[in-house]
Every structure is written in C-alpha cells, then in structure tokens.
Amino acid sequence: MRSRSNSGVRLDYYQRIVHRLILAHQEPVTGLFPASNVNSHAWIRDNVYCILAVWGLSMAYKKIADQDEDRAKCYELEQSCVKLMRGLLMAMMNQKDKVEKFKMTQSPYDSLHAKYSSKNGLPVVADNEWGHLQIDAVSLYLLILAQMTASGLQIVFSLDEVSFIQNLVFYIESAYSIPDYGIWERGDKTNHGEPELNASSIGMAKAALEAMNELDLFGARGGPASVIHVLADEAHKCQAVLQSMLPRESNSKELDSGLLCVIGFPAFAVDDAQLIHNTKDAILSRLQGKYGCKRFLRDGYRTPKEDPSRLYYERWELRMFENIECEWPLFYCYLILFHAFQSDKRAVEEYASRLEKIMVRSEDGILLVPESYAVPQDLVGFEYQKPGSQVREVVGRCPFLWGQSLFILGRLLQEGFLAVGELDPLNRRLGAQKKPDVVVQVVIIAEDNEIRDKLAEHDLHVQTIAEVAPIEVQPARVLSHLYTYLGRNRKLGLSGRKSRDVGILSTSKLYSLKDRIFAFTPQFADLSRFYIASDNELMIDILKGEINFLKSAWDLLGRPLVTLVLKRIHLDQDKIPLAMIQTMRKLKSGYINGTRVMLGSLKDFLNTSAITDLSFLGSTEDGYPDRLHPDVQTYLDEHLLRSFSNRSTMNLRGGQLRPRTLRRRMSCKGAIKKTRSINVDSDNLGMEGPSPLTERRLSSIVPPPWLQANKQSHVSVFATTPEEGPTSSPLSLGNELIRENIYPVDPHHSRSAIDRRSEFVRQQEMPKILIQRHRAETNFADTEVEELIAMLRETENLEEQGDILQYLVDTQGLDFNTGMLEEGRVVTVRDLLKGLYEKACQQKLWGLVRHTAGMLGKRVEDLAKAVTDLLVRQKQVTVGMPPNNEHTITAPLPEVELRQLIHDAYGDDESTAMLTQELMVYLAMFIRTEPQLFHEMLRLRVGLIIQVMAKELSRTLNCDGEAASEHLLNLSPFEMKNLLYHILSGKEFAVSSVARGNLSIVSCKSSRVSKKSQIGLGDPEGEDALIATIDDRQGQWLRRRRLDGALNRVPRDFYSRVWTVLEKCQGLAIEGRVLQQSLTQEMTPGELKFALEVETALNQIPQPEYRQLVVEALMVLTLVTEHNMVPSLGGVIYVEHLVHKANQLFLEDQRKVQGDATLCCAKIKDGKEQQQAASGMLLCGGAAYICQHLYDSAPSGSYGTMTYMSRAVALVLDCVPKHGEMECAIS
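Cut-offs used in this document
Residues numbered from 1 in each chain as written. Predicted model: local features only at pLDDT ≥ 70, side-chain atom pairs only at ≥ 80, totals over all residues. Heavy atoms only, no water. UniProt positions renumbered as here; feature names shortened; annotations may be inferred. Helix = DSSP H or I, 4+ residues; strand = E, 2+ residues; numbered from the N terminus. Buried < 20%, exposed > 50% of the residue type's maximum accessible area, 1.4 Å probe, protein only. Contact = heavy atoms within 4.5 Å. Areas by Shrake-Rupley, 256 points an atom, 1.4 Å probe, with all protein chains shown as cover. Pairing = 2+ DSSP bridges. Axes fitted to C-alpha atoms, helices over the stretch in contact; angles between N-to-C directions. pLDDT = per-residue confidence, 0-100. Salt bridge = Lys/Arg side-chain N within 4 Å of Asp/Glu carboxyl O. Patch = residues over 30% accessible without salt bridge, like charges linked within 9 Å, V, L, I, M, F, W, Y side chains within 5 Å. Phe/Tyr/Trp six-rings, centres within 6.5 Å; stacked < 30°, edge-to-face > 60°. Polar contact = N/O pair within 3.5 Å; in protein donor to acceptor, adjacent residues only side chain to side chain. Core = buried A, V, L, I, M, F, W, Y, C linked by side-chain atoms within 4.5 Å. Parallel < 35°, antiparallel > 145°, perpendicular 65-115°, else oblique. Left-handed = near helix turned anticlockwise from the far one by under 90°. Nonpolar A, V, L, I, M, F, W, Y, C, P; charged D, E, K, R; others polar.

In the nomenclature of an unreviewed UniProt entry, the protein chain corresponds to Phosphorylase b kinase regulatory subunit from the organism Drosophila mauritiana. Quoted verbatim from the Subcellular location (unreviewed entry) heading of the UniProt record, the comment on the protein chain is "Cell membrane". You can read under Function (unreviewed entry) in the UniProt record for the protein chain the words "Phosphorylase b kinase catalyzes the phosphorylation of serine in certain substrates, including troponin I. The alpha chain may bind calmodulin."

**Some remarks on the overall build of the protein chain**
For the protein chain, the helix and strand inventory stands at 42 helices and 31 strands. Of all 1227 residues assigned to the protein chain, the portion counted as buried reaches 59%. Residue pairs at least 24 apart in sequence account for 73% of intrachain contacts in the protein chain once pairs closer than 6 positions are excluded. A total of about 50,200 Å² of accessible surface is found on the protein chain, and carbon and sulfur atoms cover 52% of it.

**With respect to the sheet that holds strand β24 (residues 876-879)**
Judged by pairing direction, the sheet is mixed, and its three strands sit side by side in the order β25-β24-β26 without closing on themselves. Strand pairing shows two members of the sheet lacking a second neighbour, β25 (887-889) and β26 (939-941), which therefore form its edges. Each strand axis lies, on average, 25° off the axis of its neighbour in the sheet, ignoring direction. Sheet topology note: the β24/β26 ladder contains three bridges and is parallel. Within the sheet, the bridge partner assigned to Thr878 lies in β26 and is Arg941. The strands touched by helix α31 (residues 942-957) within the sheet are β24 and β26, with β26 carrying the most contacts at an inclination of about 50°.

**Description of the confidence of the model for the protein chain**
Any residue range with low pLDDT should be treated as having predicted coordinates unsuitable for detailed reading. For the protein chain, mean pLDDT is 81; residues scoring 70 or higher make up 83% of the total. Below a pLDDT of 50 lies the segment residues 682-781, which in the model reaches 180 contacts outside its immediate sequence neighbourhood of four places, other chains included. The low-confidence segment residues 1006-1032 (pLDDT under 50) makes 35 contacts with residues lying over four places distant or belonging to another chain.

**Brief notes about the sheet that holds strand β14 (residues 510-513)**
Across the sheet, which stays open at both edges, the four strands sit in the order β13-β15-β14-β19 with mixed pairing between neighbours. In this open sheet, the two strands that pair with only one neighbour each are β13 (471-474) and β19 (611-613). Geometrically, the sheet is characterised by an average inter-axis angle of 30° between neighbouring strands, direction not taken into account. Taken together, the four bridges between β14 and strand β15 (residues 516-520) define a ladder with antiparallel strand orientation. Of the residues in β15, the one forming a bridge with Tyr511 is Phe518.

**Some remarks on the pattern of salt bridges**
If you walk through the whole model with that rule in mind, you get 64 salt bridges. Between Arg497 and Glu173 there is a salt bridge, with the nearest N and O atoms lying 3.3 Å from each other. With Arg497 in the loop between α17 (476-482) and α18 (504-507) and Glu173 in helix α6 (residues 159-173), the pair connects residues that are 324 residues apart, well separated along the chain. Here Arg497 matches Glu173 in class, with each residue buried. For Arg392, the salt bridge goes to Glu327, with nearest N and O atoms at 3.6 Å. On the criterion of sequence distance, the pair formed by Arg392 in the loop between α13 (380-385) and β10 (393-395) and Glu327 in the loop between β6 (292-293) and α11 (330-341) is long-range, its members being 65 residues apart. With respect to burial, Arg392 and Glu327 carry one shared label: buried. Look at the salt bridges and you will find they share partners, linking Glu173, Glu234, Lys237, Arg497, Asp501 and Lys865 into a network.

**Some thoughts on a nonpolar patch on the surface**
A contiguous nonpolar patch, built from Val1074, Val1132 and Tyr1134 and spanning about 250 Å² of accessible area, is present on the exposed surface. Mapped onto the elements, Tyr1134 comes out in strand β31 (residues 1130-1134).

**Topic: the packing of aromatic side chains**
Applying the stated criterion to the full structure yields 26 aromatic pairs. Seen in terms of ring centroids, Trp184 and Trp328 are 5.9 Å apart; in terms of plane orientation they differ by 45°. Their pairing is tilted. In this pair, Trp184 is assigned in the loop between α6 and α7 (199-212) and Trp328 in the loop between β6 and α11, connecting sequence segments 144 residues apart. Ring centres of Phe265 and Phe268 lie 6.4 Å apart, and the angle between their planes is 70°; this geometry places the pair in the edge-to-face category. We classify Phe265 as buried; its relative accessible area is 4%. Put simply, the rings of Tyr49, Trp184, Tyr301, Trp328, Phe331, Tyr334, Phe400 and Trp402 touch in pairs and so form one group of aromatic residues.

**Quick word on the pairing of strand β18 (residues 595-600)**
With five bridges joining them, strand β11 (residues 439-446) and β18 adopt parallel strand pairing. Among the inter-strand pairings, Val439 is bridged to a residue of β18, identified as Arg596. The pairing of strand β17 (residues 591-592) with β18 spans two bridges and is classified as antiparallel. Residue Ile592 lies in a different strand from β18, and its bridge partner there is Thr595. Where β17 hands over to β18, the hairpin turn is made up of two residues, of which Asn593 adopts a positive phi near 50°.

**Description of unusual backbone geometry**
Residue Pro247 is reached from Leu246 by a cis peptide bond, and omega for that bond is 0°. Mapped onto the elements of the fold, Pro247 is located in the loop between α8 (232-245) and α9 (260-263). Following Ala469, the chain continues to Pro470 via a peptide bond in cis, the omega torsion being 5°. Turning to its location among the elements, Pro470 is positioned in the loop between β12 (463-464) and β13. Even without being a glycine, Glu185 presents a positive backbone phi close to 60°. Within the fold, Glu185 resides in the loop between α6 and α7. A positive phi angle, near 45°, is found at Ser343, a position not held by glycine. Relative to the helices and strands, Ser343 resides in the loop between α11 and α12 (345-358).

**Some details on the side chain of Ser601**
Structurally, Ser601 is set in the loop between β18 and α21 (602-605). Here Asp604 takes part through its side chain, which lies 3.0 Å from a polar atom of the side chain of Ser601.

**Quick word on the environment of Gln385**
If you trace the backbone, Gln385 turns up in helix α13. Put simply, Gln385 and Asn323 are 62 residues apart on the chain and 9.3 Å apart in space, counted from C-alpha to C-alpha.

**Some thoughts on the nonpolar core**
Judged by nonpolar contacts, the single largest core of 149 residues is most densely connected at Tyr141, Leu142, Leu145, Met212 and Leu406. Looking at this core element by element, the count peaks at 13 residues for helix α2 (residues 44-63). In contact with Leu406, not counting residues within four places along its chain, are Tyr49, Leu52, Phe265, Leu330, Cys333, Tyr334 and Leu337. Counting 126 residues, the second largest nonpolar core, distinct from the first, contains Ala610, Leu933, Leu953 and Leu1047.

**Some thoughts on helix α37 (residues 1088-1098)**
With eight of eleven residues buried, α37 is to be regarded as a mostly interior element. Within α37 the residues assigned to the buried category are Leu1088, Phe1090, Ala1091, Leu1092, Val1094, Glu1095, Ala1097 and Leu1098.

**Observations regarding the packing of α2 against helix α14 (residues 401-414)**
Interaxial distance between α2 and α14 falls to 8 Å at its minimum, and their mutual angle equals 25°. When the axis of α2 is compared with that of α14, the two are roughly parallel. For the crossing formed where α2 meets α14, the hand is left-handed. Side by side, α2 and α14 meet where Arg45, Asp46, Tyr49, Cys50, Leu52, Ala53, Gly56 and Leu57 of the first sit next to Leu401, Trp402, Ser405, Leu406, Ile408, Leu409 and Leu412 of the second. Its residues placed into classes, the contact of α2 with α14 shows eleven nonpolar, two polar and two charged.

**Let's talk about the environment of Cys1065**
Relative to the elements of secondary structure, Cys1065 occurs in strand β29 (residues 1065-1070). Sequence separation between Cys1065 and Pro1127 is 62 residues; the distance between their C-alpha atoms is 9.8 Å. Ignoring anything within four residues of it in the chain, the contact list for Cys1065 reads Gln1077, Leu1129, Gly1130, Gly1131 and Ile1133.

**Looking at helix α34 (residues 1036-1046)**
Along α34, eight of the eleven residues are buried, which leaves the element largely enclosed by surrounding structure. Asn1048 sits one or two residues past α34 and shows a positive phi near 60°.

What follows is the structure in structure tokens.
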C-alpha cells in the first residue's frame, strides 16, 4: 500500500474527530441528531449546523481522492448529509397540512415544529407548548439545501418533494412581516411567549429566497419541472426591512450576536459593506467578553440569578442579569468563519487563539467547544462591581455540536483543505461587492392606431398592442393569477401561492410559455384600482420612482424591462397630457433622474431582457407536462380578449324634459362641507372628540397649578367658554349628543361659525352618529326628494350634484331608489354617486373625488401593504385627530379592518378618511425610496400631519382654516404627495396657482416663486396685536417646531439619553403621564420598547410646538446627567413645569429689553388681562400658555430657548446648587 501524503494523514485525523463527536450520534433510522445523550429531541437548526462539518469534510476528501478508500470515505460522508437533510424533509412533510394552513393564517399555532423526535421524526411537543414559529430554522434548512444541491449532492428525489419545497418557499416568503420566536426560541426577551419581528430570521429568509431562486433541485439531471421559482420582490422586501433594522435585532433586543450568521456565513444576507461593518462592531463592542459573546443584553439564561423553576422572567428582574450574562464560545467560531471569508488572516488567528484558550480538552486530547460560560454563584458580587474580572465556569453541553461543527469548518479553512468558494457554491459571499450600473429598458405601446398617430406628431414612434405580436402584453393581475398555480399538488393537498401581489421586479421580466412570450405592465398602471391612478402626474412620478428602484434593486441576469401601455383613458380632452410627452422625451434622451434608460420596442429588447420560463403551468400531475393545465388554458383564452377593454360610465342625466320652475337650492348647499373635520384655526391643534366640555385637556383650558401662584381671581371655566356666552344652547353641556366630530368647538372660533353650526343642527333634527346613518324623521315629504332629483338632472355643476347626493345619502341612505330608470334598471343613489365619482375623476375635481370615494366606501388597493411597509420598518402609525380620537396601529391588519378603523376614527368626515388612506400610501412610497426622511421618528401620526398640512397652506396662502382645508382636499394626488414631501423634509415651499383653480407646490429654491409670495405667520384673530409688517424670517422657528412636533421628530439618541435621566430620578411626568424609574429595570437604553413608552407620554400633548419644547427641556436634563453635575436628580420631575418656568424667565427678560413679547404676554397686567389669562387665552395665541415669541426663538443664543430651559432647570430642581458661582456655558 502506498504511504499517505501529509494532507491525507491530517484529513484522516479530522475524519476520526467528526466520526466520534458528530456521526456517532446520528440516529440510524431517521438520520437526525438528538440534542444530547439524555434528550432525544432533534432541533432543525442545530441539526443543519451539525452536518455542515460533515459536508465540508466530504468536499475536502473529494479533492485528494488519490486512493479508492478516500473516494469511499467521501461518498460515505456525503450520504450522511443526504440522510440528515432527507430526515428533516420527511419530518416536515409529515406536517404538510400546517404548511398549507400557515400560508393563510400565519399563526404561531399553525407553524412547522422547531424540533422533532430523533427516533421517528414525529412531533414531540404540542403546537401551543413551545415557541415553534422560528422562520430562521426553516430558512436555514432551505439555504443549506440549495448550497448542498449546488455542490453536487442529490437530496430531493421526486416531483412531489419539489412541490413541497416550493411551498416551504411560500412559507418563508413574508418573513419580513411575521413576528416569530427567533434563533433563541424566546420572542420577547422576558420569555412570556410573545413573538416579535427578528432581524436574524428576516436575514436568513432573504438568503434562502435568493439561494432557491431558479434552482434545479435535481441538479444537473433535472428539467423545467424540478425548478423552484421565487418572486424577486419578496426577497427584496426582506432585504429592505433587514437594512432598516440592523444592527437592532428586535423590539426587545437592541443587539444580538445571532446576527453574525446573517452578516457572514452561512447567510451573507447584507449587501451593504458599511452596514456589515457597523453591525459587527456593535456586537464586538457591547457583547464580546473573554469567553465568547453574550447572546444579547440582559439575557438571563443559565445565569446564577435565574430562577430555574419557571420559564419566564418578571419584567423588573431583567436588571439583575446585566453584566453577568453567559458568554458563548460559539460566536468565536462564527467570527473565525466571518474573517476567513473576508480573507483577513490576522483576525482569524486572533480569534482562533482566543477560542483555543477557552476550549475544553477531553480525556483523549480532543478539543471540545462548550455551550456557554457563566459566573459562579459566589463571585457574582465581584463581577457586578467590575464586569469581566471573574473566572467563569462551563455550563450546558460539552461538546456543543453546533459550535463544534463550525469550529471544524474553520479549521479546514485555516489549514487549506477547503477554499471559501466550496462552502458557498452559490457565491452568496460576493453580494456586498459593487455592481455595475443597471440600464432600465422602457417600452411604450399605444392602445390603438389613433393614439400611435398622436404620439407620432410629437416625434415619438411606438407600436400598438396589435403590432407587437407575437409578444403578448398583459396587465400584472394576469401574472399574479398565473403564479397561483405554482407549487400546487393534489396528492399532498397543497394549493399554490396565496399572495396576489406581484411587484415591479417580477413585471420587469419577460415570460415564456411553450412558444409564446408575455410582457406584463407594472401593477401601479392597473387603472381599475383607485382614484390616484387617474392623476397622470402622480402616475408619472410613481413611474420615475419605480425606475429608480429598479436601478438599485435589480440583480438578475439581463436588464429590467418596463412595459407601459398608453390608453384612451389617459387622454386629456383628446390630447396626450403635456406631462406625459415631457416624460417620454426625457426617457428618449437616455437619462431620467440619474438612472440610465433606453426607450425602444419589445423586439429590440428580446435578447437583453431577463426571461423566465413558466413551465410550472403544464399539467405535470396528469402526465402531460407539455400541455397547459386546462384551467390555465381557459383563463388565458378568456382573458386575452378582455384585458385591455374600457368600460363605459353611467350617464347621470335622464333624457326627460326637466321642469324649469324648480329652483330651490337652499336645502343642500354645502352639505359636503359640513362633514369636514380638519381643524386649523384653533391653537390647540387637536379636535375635541365626543367628550363633554368638562373633560377637556388640562393644558387647553385650566391653567396648570404652578401658574396659579399669582393669586389671580380664578374664573370658573367650566360653565361656558368665554366667547360663547350662555345663549348657544345646542352646544351647552346638556346636549352632549351633538358635540361630535362634525362640530369641533373651540373657544377661538368666531361666533358666526358656531351659529352656522347650530343652524345646521336644527336643520338636521337628529345628530348623525358615526357611520350608521339614521333616516331623519322625514318632515320633508317625498315631494322634497322628487324636487331634489329634478334639480340633480338640471344642474351641470358637479359640486352641486355632490351636495344634493350627500343630502340624499344622509336622509335616505345609499340604496334609496331614485325612481329613474337606466336601460330598464332601477337607479339607486349609489349608482348616481358612482357616475359622479367617475366624472369627477375625469374632470379632476379632487375634493369631490375624495368625498364620493369615501361615501362609496372605496379603499386604496395597497392600503394593508402600505401600512405593513411602515410597520415592519419600526414605524407605528396612528389615525384620527389627536388628542381624543387617535387610534394606534401596531401590527399589520387585514384591509377591511384597517378601513373600518380609519373611518371610525374620523366619524362622518369621509373626505379626511380617504385622505388618510391616500397619505398612508405616499408615506409607504417615501419610506421605500427615501428612508432617511424618517430618521428619529417612531410614530407617524397621520391626523396631526393632515392638520399641519392645512396649517401650512393657511400660512402660505394667508387664508383662514376653512379655506385652507378646502384647498387641501382639492389638491391633486400628485400635489398632495409633493406637499407631504415638503413637510417631511422640512423644506420651505410656496404655493403657486395653476389653471382650473388647482394649486401647485414648489420648493422655495425654485425661480418660479418671488420672495414676496411667502406670507409670514400670525393667527387671523391676533393679527392686529402682532406687528403688522412681518419679515421673512419671523415664524420660521415656530414653524419648525410645529413640523417636528407633528412628525414626532426627536434629536439623535434622544430616547437612550432620556433613559439615563430616568436612572437618576424617580420619574418624569409629562402631561399627566409619569414614566417610572422602574422602566430602566425592565428595558435597556437602546430598546425600541423603551422609546415607545417615552413617545406615548409625549403624544399626550396635543399641540405639536409645545411637545417640541418639552423635548428640548428633556434634552437639557440629559446634559445635566451626562456631565455628572449631580449624583441624583431627586424625585419625580414635572417636565412641563420647566417649560413654564422658562417662559416666565423669557417674559421677564422681554420686559427688561422691551422685546416683541411686550405687545402680548409681557404687557403689564390689568384686570381684563387677568380674566383672559385665567380662561386660557393668550393675546398672541401661543399654545398651552407659552408665549408665541418663545416658540419662535432659536434654540441657541443668549435669548435662545436652551438658555431659558437651563436656567429653569437650575431654579426648579432642588439638587442643583443654588449658591456660589456656577459656570453656565450652553453648547
């Protein structure tokens, strides 16, 4: 026998180790690994990690197979891998019903189990006795299955198994929105069984989806039927959410060492090199110790302070685990692999030597990786005093096979038996390298010859749908229907894909089906969807956004191809809209918004586009893989005829002659306006809800206790608000029913408005309560209705028709028979409304469109998706007007529930409810394309944003609140999105008027606006009291505070800094909510749950600018604690008290220097003034008793708000020394 080479001898040594430590434990029947000698449960995750060493060793043998026995060893090791992977596959296939159910419910109780019996692969614990929903485990299985298949192993044997794996892909597809229990099986770190979104699960799912895409599970021997298909958009959504979360793991775990497997081997899920670096550094700086890394902060598992008798922790005891968490050597194994893949030899050696020091030697000299190291019971006190100083002891299993397997892989890489590419045959490790620029191909197709000729006049030459044959152009909904056939299997009882959503990445490919080729138009171009689709400018804006998105997100072979069809519907008075022509010229030029584009015809792009084969549409199960599935055949035949036809709209006007005599218009004029609820004039931005006056917020009426020190004669404010006087009976307290959303009352409203409302109340006889509309006791006889219908026929004006229909709906209901006939059918009010809606869409009367859409109960198609997009990026959403009607959405909801919630929040105000849905869609668009706009914002309060938008319009147009909210609701969707963008980004803007009375929002940098058109601030009532000539600069700080307050923007690291303040005092009181010091026991400083607690307290404050001053006061407190000026801040600190104290100091200074405020708040008081002060009225209209001029002061400078806040802190807090010199420098 020839002698072995050195490498062969060394490999044999590893083979013995792998055999003794790993393969000796593999169950002969199922191929699974039990957890330990005493526990026969087999976890999916641990099993997959265990087998990696075996797989790595088999590939090392393959390279040096110079003797037959080496080839035999190689085969034997490979078959062990196949045996294990198939064992797990069988265990999961036994639970195929769960996979099917989970696609619909996504409930933790319908998930695949996380562990099975290693003896027979059957379940070992019940659905509800364990945190089974661990998406990262199933994803890891799929990822390694893909890698092993790519390396040449044959794991999947039959087409039934292929369809099961295709369904596993659907199972993990929406990982970005499914809270699970995560890699440590805990969910929330208190272990109370609450699942949460985990970055490690989302990252692993993203990696699995990318690895599985277009993979042939039969390897080189397969055909089209054994290929797995993944919709690229799903993987991209996982990536976007992952990038927005890192380096945070979840709401309760601000950091987790488990993320090492996402940023490095095996997942390589992050494409951004900087983000990988930041995440690794964060883990090393905060979790690394001498014995490995902690899993996450305050992890109580196996610490001496843990109570082993119960599974969960009390919230207050988490603080005890700080600094004594167990350290896991496993993470050194991950770090070795991480650096080996980066080919950073020095770091590999450093971690290898650290790891060797903490490994345990067995009796026969093999190095073992222990599970974890804990501080011994008797040394806990010393460890608390000086973290990292005490010697730790091994707890848990030894060897810990998950770690041992990764250690062996690391050794094989270090000694050169394996190259990194062999452990990653799919080349996932190259994801973070720079990619070449993407060229987006655009094809424009005309619906018919007429439109083609119109385009030719503008020197744009396109083909018609008929001319592009044999390529067929279809709307996206056809593609989404075809994808429902993917993964269907009758034998296994599996249906296909459930989600109906196909994103831009999927529609930017061509699809081949037998000998036909399909191109699909993007989903946003599907006109049947929502009124925003009839605003051409907005559609063009969305198109630009999607092209830009393709540039960054496209990573398939070939170039992306966007197909657009120009239809009759797009024409404006039979002409092609100018905006469209301009965009097409831009596309023709080759660049649009910095993205390279090519405009051409479909046949030119056939060779350069990505083409996907829709082979799964064959009837493979019936034995005819070459024939189309009969259902698909019928669907396509029917659909190809129908897909691009237009439907006619109903004509409102009956053919009969109309009586000229009826001209009674009084009863309906303004019926739509009366439903509005956007409140702008008032100073406490925030509407009063259905509560009676006595329950109004403290800050708006009753002076806070610390302001009453001046011994004013205190007027009772509860009887009537000063301006109303006792006469306005419908609004007095007795008539509580009527104080409802539709009539926001507030002391600043002029008398006439209140009279107008009470008159409306008398007209209406009974109050309308929310959506269940009561029929009024019809004292209007039926003749009234007939007259109205006659008027309806007679009027040309759509606004008037709207008012009449609103009135009919309020009195008669939507399904009232109007007595008209259309083609022999009865026409109801609802039919008339539909007709009006479609006409208003054509004529672009947006206010009317929004209102009728609301009355018809339309909902934005993508509403649920939009809300999910916001929520998964850790932004909560609230709807309704603060402070009384705000509803917070914290978890994804189904479409119908969302719509109900929004409409309940706004009562009868259909227009604002529609506007809310619309704004949520725009917010979701922005968070996808420009996430930086949302930095340091946790909750998006849509109601408050709407009020600020109206307030900004009233400021810029210098009109009153009612006119401003009218203007706001009449903005076109494109301008609405534009205005929202300016408010989010804080850019100054001006409004210029365009034809048809529409407004256009322009940035102030633009030359289209002269300086003069920007009107300064000042409330209409207090206008004369303020200085009449307002220069450009005035009002800008007030405006900024108002915007930041409404958007909930806070300074960087604000919440973690508030945490340090809480540590040093007994609590912080904000607007009646007290944040207790105990929160620091439960939560770590960077934890999202803590930030939400602080945010909730701040959101109690109805006025945004006042909220912002409270934030500034908190920042001053954080400076006091950070510079360690005092050991403790004492008891509960009333934050508003500081703000009011600062206001008093400000006014004293203003009197001294005769500043602007002497015209309002700093006047010398007389009797009348005192009475006004007591009733909550400031002359300058400042919110919550703070002078308008303080709101408008810059933060820095000798008269800046921070200066006054610091002085207030020094005066109010007992702990700051009162005497002696103190240096007071405000940075």
